[in-house]
Each structure stands twice: as structure tokens, then as C-alpha cells.
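Chain residues, written in single-letter form:
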Amino acid sequence: MIPALPPDTMMPEPWRVRSVVRESADVYTLGLESLSSPVPPFLPGQFNMLYAFGVGEVPISLSGDAADVSGFVHTIRAVGAVSTALSQAQPDSVLGLRGPFGCGWPLTEASGHDILIVAGGLGLAPLRPVIYHLLAHSEHFGRITILHGSRSPAEILFRSELAMWQTRPDVSVAITVDHADPTWHGHVGVVPALVERAVFDPPGTIAFVCGPEVMMRFSAAALLAAGVGANRIHVSMERNMKCAIGLCGHCQFGADFVCRDGPVLPYDRIAKRLAVPEL
Amino acid sequence: MEMLESMLLAHPFLAGMDPGFGHLLFGCARNLRFAPGTFLFREGESADEFYLLREGRVALQLHIPGRSPLVIATLGDGDLVGASWLVAPYRWSYDALATAPTRAFGLNAACLREKSEVDHHLGYEMMRRLVPVMVKRMQAARHQLIDVYGRPPT
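Everything numeric in this text was worked out from a predicted model, so none of it was measured.

1. Focus: the overall build of chain A
For step 1, the next point in the chain: A count of helical and extended segments in chain A gives eight helices and 15 strands.
For step 2, the next point in the chain: In terms of overall dimensions, chain A has C-alpha extents of about 50 × 50 × 40 Å along its principal axes.
For step 3, the next point in the chain: When each of the 279 residues of chain A is scored for burial, the buried share is 52%.
For step 4, the next point in the chain: In chain A, 69% of the contacts between residues at least 6 apart in sequence involve partners at least 24 apart.
For step 5, the next point in the chain: About 11,800 Å² of surface is accessible on chain A, with carbon and sulfur atoms providing 58% of the total.
For step 6, the next point in the chain: Averaging the positions of the 19 positive and the 25 negative side-chain charges in chain A gives two centres separated by 3 Å.

Structure (C-alpha cells):
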């Protein structure tokens, strides 16, 4: 028997845009505040369904600090009609919002371990709440390593925060870009190559990976080759989510609905499915 | 000299190598320093030496007429620089620019090819180490080629 859902799960609520930050040419971070109900708590890794009135609704991961109960933060890349409309939202405009939905990163399980974060492109956004949590509760975790890959230096996300995190003695940050001109003095290459160079203790490490699926597949392969167990690698999946509550089936990924059972899933559970193009 | 030979054998690329092979390699090696802004080699030049980086940073780049050079990869401590010395006509196909103070062992390619012809075990040992590096770089180049962070096709 399917349990009854809260009556308003499918009903977007009005949220006001209180801030807009342009992160790069087509990536924007929106700060949102509720116009109707208290701000619900969220887990790092969860997502909301954001609704641009008259255009449509898309799932967008939360990218702010879960400890900030004054509102939600979302980082959006303008790639389709809805995400473009959302990214063009002006301060004081109103959007529809349902959520938060899905499973977050396994922070309780990660307690006591070294943490390796592997983020590709906009994949750093769903991982930023994790980083905030790890930094705020660093006494519960070992060494924190953040590996971030980007297309070019101009597209590095949250650049000033990465620089700030790098100054902490318990955090290592490595950034790479796929291509650069000679004015870039950092690393050039793909993210999995950073995994090989990173200094960490594989048996004592839990890895959180987020980015384009191809990047996650090869990052997971690099982590396995480095000695991180498949059950200690967690990835954030992306599929075509519609209802966000595991009813409509649009985001079915084998035996899982990404919206309900994910988006964060253990790699050992889905590794074989990642190799199936039809899924 | 003995110290330099043991330093060469301690390079990650040669980790665990039989000291006898190491001695043969050392006969082809020299110790080098590159200041930032100097080229290890330029595209089209004879690939007569390859490099094992001890420390520093090297950018592999292609120059494109009318545009800034494009950096396609950076290499650092413990990396090998250069594979064109393996394949005739032994010409570099890109530039290698030191972007930080860099120390490296240079290995004379003709010397190593000659020794490998005489001692195929040495040649096999080198190929056994070179091939994984080349395969990883080819795979990385493919990943860069698919532009994984680019805009999805509409």
C-alpha cells in the first residue's frame, strides 16, 4: 500500500528572489525566501523543484548552507527554457517551489573518516552544502580534500570560496581545467587525474562525487584504482525528474527512482547500471 | 654520481626497477634545471631526449595562429614528459614550457633506444612503464575532447 502523501507535496509555494549572483556567463545563484510557510530544513544533497510561472518546473539542487534557516540558495545553469527563465529572475520576483526532496549525502556514515570531494563543473553546487557542514563540524571528520574540475578558468565555480577553503590547515583544494591559455598558472587536465595526484588515505576515505555522469564514471574508476572501496563512493545522479516523489517514473534508474531513492546513491549499488546506455 | 643514480632510480616512473637496468638508464641520463618561461622543447624539434620531472611544473601547449597558445595539459612532480622520442620520425608535436622552477632528469633517446635494441629486457621494462602513462593520457585527452562541461546539445 502506498502511504498517503502530505496534501501539498505537488503544490508549488511562492518564494521571493532576494538575491541574484552571476557566477559565470550562464550560471547564476539565487537566494530565495518563503512568502507563505516557514523554511523547511534540508539535508546537503537534496533538491527542490523550482517553477518559473508559465514556463515550467525543474529540479535544482540546494547549494547553500543547511544551517541557514532564513531561506534557500540555488545555483542554476541556463541550459533550457525553464533554467534560462529561472536564471533571468530578478530580485523581488516570485518563483514557485516544492521541496526539499530526495536523499542527501551520507554525512553520518562519513563521520570519523577523511573526506574526498570530487566536483566537476556545476557539480560543485550540490556539494557546497556538504563542504559548509564539514567545515562547521570539522572535529567529526578527518582530512578534507576538495578536487574541482572546470571547463576553463573563467568557468570555475565559487572561486573566492575555494580560495578561502584552501587557507584552512585541515583542507586541501586542487583545481583543474580542461583547457586554458598561458595566463592560467594552475593545473590543466581532467578531474580523474587529480585523484591520482591527491594525497589521502584510501581505506579511511569516503568520497562524494558530483558532476556530469561521464566525469563521475571516470572519477569513480580513478577512486577505485586508488583503493577507495566502491561502497565508500557516493555519487549524485541526475535524471528527468517530474513529480519528485517517486510516483511518475520519469526518473527511474533501474530499481531506483532518482528523485526518491537518490539523487545521492552509493556507487556500488549503481555501478553496473551506469554502464547501460539505455538507462 | 652514485647519489644521482639512486635519485634517478627513486623517481616514481622508475619505482621498483632492477638496479641493473637503472645503471643502464643512468648512462643515458643528465640532471637538468629549467627556469620558468624556458622551453624543454618546441614543436617540430628533434625528440632526442625525454624528461622525468623531479619537481616543478611543465605546460604542454599548442600554438594556434592568431590565438594564444592552448595549454592542453600540465605535468608536475614525478611525471614523465614526452613520448615522441619513441616513434619515428622523432619530432615533438607540441611545446613543453616550464611554468615554475623545474628540475628533471633528461634521458637521451638515441642512447636509450640503442640500449633497448641490445637488451630487449630493458626495452620491455621501459615499455611496461610507458604504456600505462600513454594510455592514461590518451583517455584524458578523449575526456577533454568530449567537452564534458560544455552545453548539452539542444
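And the narrative resumes.
2. Some words on the pairing of strand β7 (residues 95–98) of chain B
Residue and element names in this part refer to chain B.
For step 1, the next point in the chain: Where burial is concerned, the two faces of β7 agree: the one with Asp95 and Leu97 and the one with Ala96 and Ala98 are both buried.
For step 2, the next point in the chain: Here strand β2 (residues 39–41) runs beside β7; their pairing, made up of two bridges, is antiparallel. Within β7, the residue paired with Phe41 across the bridge is Ala96.
For step 3, the next point in the chain: The pairing of strand β4 (residues 57–62) with β7 spans four bridges and is antiparallel. Looking at the pairing, Ala59 lines up with Leu97 of β7.

3. Description of the state of the cysteines
All names here are of chain B.
For step 1, the next point in the chain: All chains considered together, the criterion is met by one disulfide over all chains.
For step 2, the next point in the chain: Note that Cys28 is cross-linked by a disulfide to Cys111, the S-S spacing being 2.0 Å. Here the disulfide of Cys28 and Cys111 is left-handed, its torsion about the S-S bond being about -70 degrees. Of this pair, Cys28 sits in the loop between α2 (19–26) and β1 (29–34) while Cys111 sits in helix α3 (residues 109–118), and the two are 83 residues apart along the sequence.

4. Describing the pairing of strand β2 (residues 27–34) of chain A
Residue and element names in this part refer to chain A.
For step 1, the next point in the chain: Of all eight residues in β2, seven are buried; the element is thus mostly enclosed.
For step 2, the next point in the chain: Sheet topology note: the strand β1 (residues 13–24)/β2 ladder contains eight bridges and is antiparallel. By the bridge assignment, Val17 is partnered in β2 with Leu32.
For step 3, the next point in the chain: Where β1 folds back on β2, the antiparallel hairpin that results is connected by two residues.

5. Description of the interface of chain A and chain B
For step 1, the next point in the chain: In this assembly, 27 residues from chain A lie in contact with 23 residues from chain B.
For step 2, the next point in the chain: The junction of chain A with chain B conceals about 2,100 Å² of combined surface from both sides, 54% of it contributed by carbon and sulfur atoms.
For step 3, the next point in the chain: Run the count over chain A and chain B and you get three salt bridges.
For step 4, the next point in the chain: Across the pair B:Lys136 and A:Glu196 runs a salt bridge whose closest N-O atoms are separated by 3.7 Å.
For step 5, the next point in the chain: Where chain A touches chain B, the interface holds seven residue pairs in polar contact (both at pLDDT 80 or more).
For step 6, the next point in the chain: Within the residue set of the side of chain A that touches chain B, elements represented by two or more residues are β8 (144–150), β10 (187–188), α5 (191–197) and α6 (213–226) of chain A.
For step 7, the next point in the chain: Classifying every residue of the side of chain A that touches chain B gives 11 nonpolar, nine polar and seven charged.

6. Here's the deal with a nonpolar patch on the surface
Residue and element names in this part refer to chain B.
For step 1, the next point in the chain: On the surface, a nonpolar cluster with roughly 310 Å² of combined accessible area is contributed by Met127, Val131, Val135 and Met138.
For step 2, the next point in the chain: Here Met127 shows up in helix α4 (residues 120–145).
For step 3, the next point in the chain: The exposure class of Met127 is partly exposed, given its relative accessible area of 38%.

7. Thoughts on the sheet that holds β4(B)
Think of a sheet as strands paired side by side through backbone hydrogen bonds, with each pair either parallel or antiparallel.
Residue and element names in this part refer to chain B.
For step 1, the next point in the chain: Taken in spatial order, the four strands line up as β2-β7-β4-β5 in an open sheet, and their pairing is antiparallel. Two strands in the sheet have a free side with no partner beyond their single neighbour: β2 and β5 (70–76). Each strand axis lies, on average, 30 degrees off the axis of its neighbour in the sheet, ignoring direction.

8. Details of the packing of α3(B) against α4(B)
All names here are of chain B.
For step 1, the next point in the chain: One way to put it is that α3 packs onto α4 with a least axis distance of 5 Å and a crossing angle of 120 degrees. It follows from the interaxial angle that α3 and α4 lie oblique. Contacts from Leu112, Lys115, Ser116, Glu117 and Val118 in α3 reach His120, Leu122, Gly123 and Met126 in α4.
For step 2, the next point in the chain: Residues belonging to the contact of α3 with α4 are distributed by class as follows: four nonpolar, three polar and two charged.

9. Some words on the nonpolar core
All names here are of chain A.
For step 1, the next point in the chain: One finds Val118, Val209, Met215, Leu223, Ile233, Val235 and Met237 to be the most contacted residues of the largest nonpolar core, which totals 37 residues.
For step 2, the next point in the chain: Listed by contribution, the elements that provide at least two residues to this core are β3 (47–52), β7 (114–120), α5, β11 (205–210), α6, β12 (233–236), α7 (258–261) and α8 (267–274).
For step 3, the next point in the chain: Looking at which domains feed residues into this core, each of domain 1 (13–101) and domain 2 (107–274) supplies at least three.
For step 4, the next point in the chain: Ignoring anything within four residues of it in the chain, the contact list for Ile233 reads Ala207, Val209, Ala220, Leu223, Leu224, Val228, Leu265, Pro266 and Tyr267.

10. Regarding α2(B)
Residue and element names in this part refer to chain B.
For step 1, the next point in the chain: Along α2, the residues classified as buried are Phe21, Gly22, Leu25 and Phe26. Taken end-on, α2 shows its buried residues confined to a sector of 140 degrees, consistent with a single buried face.
For step 2, the next point in the chain: Along its buried surface, α2 packs onto α1 (2–9), β1, β8 (102–108), α3 and α4.
For step 3, the next point in the chain: At the N-terminal boundary of α2, the capping side chain belongs to Asp18, with an oxygen 2.6 Å from the backbone nitrogen of Gly20.

The rules behind the values
Residues numbered from 1 in each chain as written. Chains lettered and ligands numbered in written order. Predicted model: local features only at pLDDT ≥ 70, side-chain atom pairs only at ≥ 80, totals over all residues. Heavy atoms only, no water. Helix = DSSP H or I, 4+ residues; strand = E, 2+ residues; numbered from the N terminus. Buried < 20%, exposed > 50% of the residue type's maximum accessible area, 1.4 Å probe, protein only. Contact = heavy atoms within 4.5 Å. Areas by Shrake-Rupley, 256 points an atom, 1.4 Å probe, with all protein chains shown as cover. Lys, Arg positive; Asp, Glu negative; His and termini not counted. Charge placed at Lys NZ, Arg CZ, Asp CG, Glu CD. Pairing = 2+ DSSP bridges. Disulfide = S-S within 2.5 Å. Buried area = accessible area lost by both parts, 1.4 Å probe. Salt bridge = Lys/Arg side-chain N within 4 Å of Asp/Glu carboxyl O. Polar contact = N/O pair within 3.5 Å; in protein donor to acceptor, adjacent residues only side chain to side chain. Nonpolar A, V, L, I, M, F, W, Y, C, P; charged D, E, K, R; others polar. Patch = residues over 30% accessible without salt bridge, like charges linked within 9 Å, V, L, I, M, F, W, Y side chains within 5 Å. Axes fitted to C-alpha atoms, helices over the stretch in contact; angles between N-to-C directions. Parallel < 35°, antiparallel > 145°, perpendicular 65-115°, else oblique. Core = buried A, V, L, I, M, F, W, Y, C linked by side-chain atoms within 4.5 Å. Domains from an automatic or database assignment. Arc of directions from axis to C-beta.

Keep in mind these values describe shape, not function.
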